[in-house]
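Geometric and topological summary
Letter by letter, the chains look like this.
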Amino acid sequence: RGLSTCRLTQFSGTLRLPALVEMTQDLVMSEAEDVRLLEDASDSKDVTSVQEVFRWDEDWAEIERLVQESSKPFQHRYHCCMQIQKLWRVEPNKVLAGNAQEASKLGKPTRLFHGTSHDAVESILQEGFQLPESRFGMFGAGVYFAACPLKSVQYAHAGVTALKKLLLGCFAGCLLGTCVHGCLGGCVGCCAGAAICCPPKSGQMLVCDVYLGKQKTLRAARQVQPEDLEEYWVKRAFGCKAYNSVYAPGGFWGAVAVPEYIVYKAHQAIPHFVIEFTTEDH
């Protein structure tokens, strides 16, 4: 408005009234267009966008290195390797940005993988992670992550068919392993399960910054409830805070073969990259 007044004052001595009216209308329309562009820019923050990352980009090299280094110790278990075919960088909307701001109170994040369906990826990018209302995992109603992407591959299914295949493979492994006793039974069961429950040949997964905060280690499956994350009253009396996540170590003394991490508040995980991948037998 100040600019419009200046311009009108400058030309008022030389322009006739019709010209002044036309110039005023043009200036008002120009200012209205500027306001509309600002509003559009503000509205665009409500929608998460993704930007493709190309192979010569530094982010591609960083994610590829992370995938390779974190997969290598477990390739013998999954008998496959993972190749990145496409990579997208996530430009967060207001929801994800707000979640990140709230989660940052827990300290530095840990970069972890989350495998899921294509539809779920789209939902997470726009609305953030959501806690499950049914079909809880081994450690209760949380959001599960892995440091090894090959573990996340198992959950990067296209739909119900892949899930049924996964369950069928587990069932076959348990059944045959039970029927044939001893060490031979375990081998037969594992081989049968792996043959049916093979990982998908392609899919998508998320690379997330997960704010784990104070972790509680669980070596046995347990349906974690909110009160399970609280410290004993004695420790609380000395100022010890509640746990923010669960860590399930892998191996012989753990409930899982490959470590996993679980958070019970959805805002603690922020997606930063989307990977489109393929797997090859290794």
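Here goes a summary of the coordinates provided. (Residues numbered from 1 in each chain as written. Predicted model: local features only at pLDDT ≥ 70, side-chain atom pairs only at ≥ 80, totals over all residues. Heavy atoms only, no water.)

1. Quick word on the overall build of the protein
Operational definition: By the criteria applied, helices consist of DSSP H or I runs no shorter than four residues and strands consist of E runs no shorter than two, each listed in order from the N terminus. Using a 1.4 Å probe on the protein chains alone, a residue whose accessible area is under 20% of its type maximum counts as buried, one over 50% counts as exposed, and one in between counts as partly exposed. Only heavy atoms enter the contact rule, under which two residues are in contact if any of them lie within 4.5 Å. Accessible surface is estimated by sampling points in the Shrake-Rupley manner with a 1.4 Å probe; for residues, cover comes only from the protein chains shown.
Broken down by element type, the protein carries 10 helices and 9 strands. For the protein, the proportion of its 282 residues judged to be buried stands at 35%. The long-range fraction of contacts in the protein, counting pairs at least 24 apart against all pairs at least 6 apart in sequence, stands at 83%. Entry remark: accessible area of the protein is about 17,100 Å², with carbon and sulfur atoms responsible for 59%.

2. Overview of the environment of Tyr264
The line we're drawing: Polar contacts, as used here, are pairs of N or O atoms within 3.5 Å; protein pairs need one atom able to donate a hydrogen and one able to accept it. Residues neighboring in sequence count only if both atoms are side-chain atoms.
The topology assignment puts Tyr264 in the loop between strand 8 (260-263) and strand 9 (269-281). Residue classification places Tyr264 among the buried positions, given a relative accessible area of 13%. A polar contact of 2.7 Å, which involves the side chain of Tyr264, links it to the backbone oxygen of Phe139.

3. Here's the deal with the sheet that holds strand 7 (residues 245-248)
Quick reminder of the rule: Whether two strands pair comes down to DSSP finding at least two bridges between them. For helices, the axis comes from a line fit to the C-alpha atoms of the stretch in contact; other axes are also lines fit to C-alpha atoms, and the angle between any two N-to-C directions lies between 0 and 180 degrees.
In spatial order, the strands read 4-8-7-6; together these 4 strands make up an open sheet with mixed pairing. Only two strands of the sheet have a single partner each, and these edge strands are strand 4 (143-145) and strand 6 (215-217). Across the sheet, the mean angle separating the axes of adjacent strands is 25° when strand polarity is ignored. Relative to strand 8, strand 7 runs antiparallel, the two sharing 4 bridges. From the neighbouring strand, Val246 faces strand 8, where its bridge partner is Ile262.

4. Focus: the nonpolar core
Under the convention used in this document: Here, the term nonpolar core denotes a set of buried Ala, Val, Leu, Ile, Met, Phe, Trp, Tyr and Cys residues that are joined through side-chain atoms within 4.5 Å.
Ile63, Met82, Leu87 and Ile275 are the most contacted members of the largest nonpolar core, which totals 20 residues. With 4 residues, strand 2 (residues 80-91) is the single largest residue contributor to this core. Excluding residues that lie within four positions of it along the chain, Met82 makes contacts with Val67, Pro149, Leu150, Val153, Met205, Ile275, Phe277, Thr278 and Thr279. One finds Val90, Leu96, Val210 and Val263 within the second-largest nonpolar core, a separate group that totals 19 residues.

5. Points about the environment of Arg89
Tracing the backbone shows Arg89 in strand 2. Judged by relative accessible area, which is 18%, Arg89 ranks as buried. Counting along the chain gives 185 residues from Arg89 to Val274, while the straight-line C-alpha distance between them is 6.7 Å. Discounting chain neighbours no more than four positions away, the residues touching Arg89 are Ser49, Val50, Gln51, Val53, Asp57, Asp59, His272 and Phe273. In terms of polar contacts, Arg89 uses its side chain to reach the side chain of Asp57, at 3.5 Å. Within the local environment of Arg89, its side chain forms a polar contact with the side chain of Asp59, the two groups lying 2.8 Å apart.

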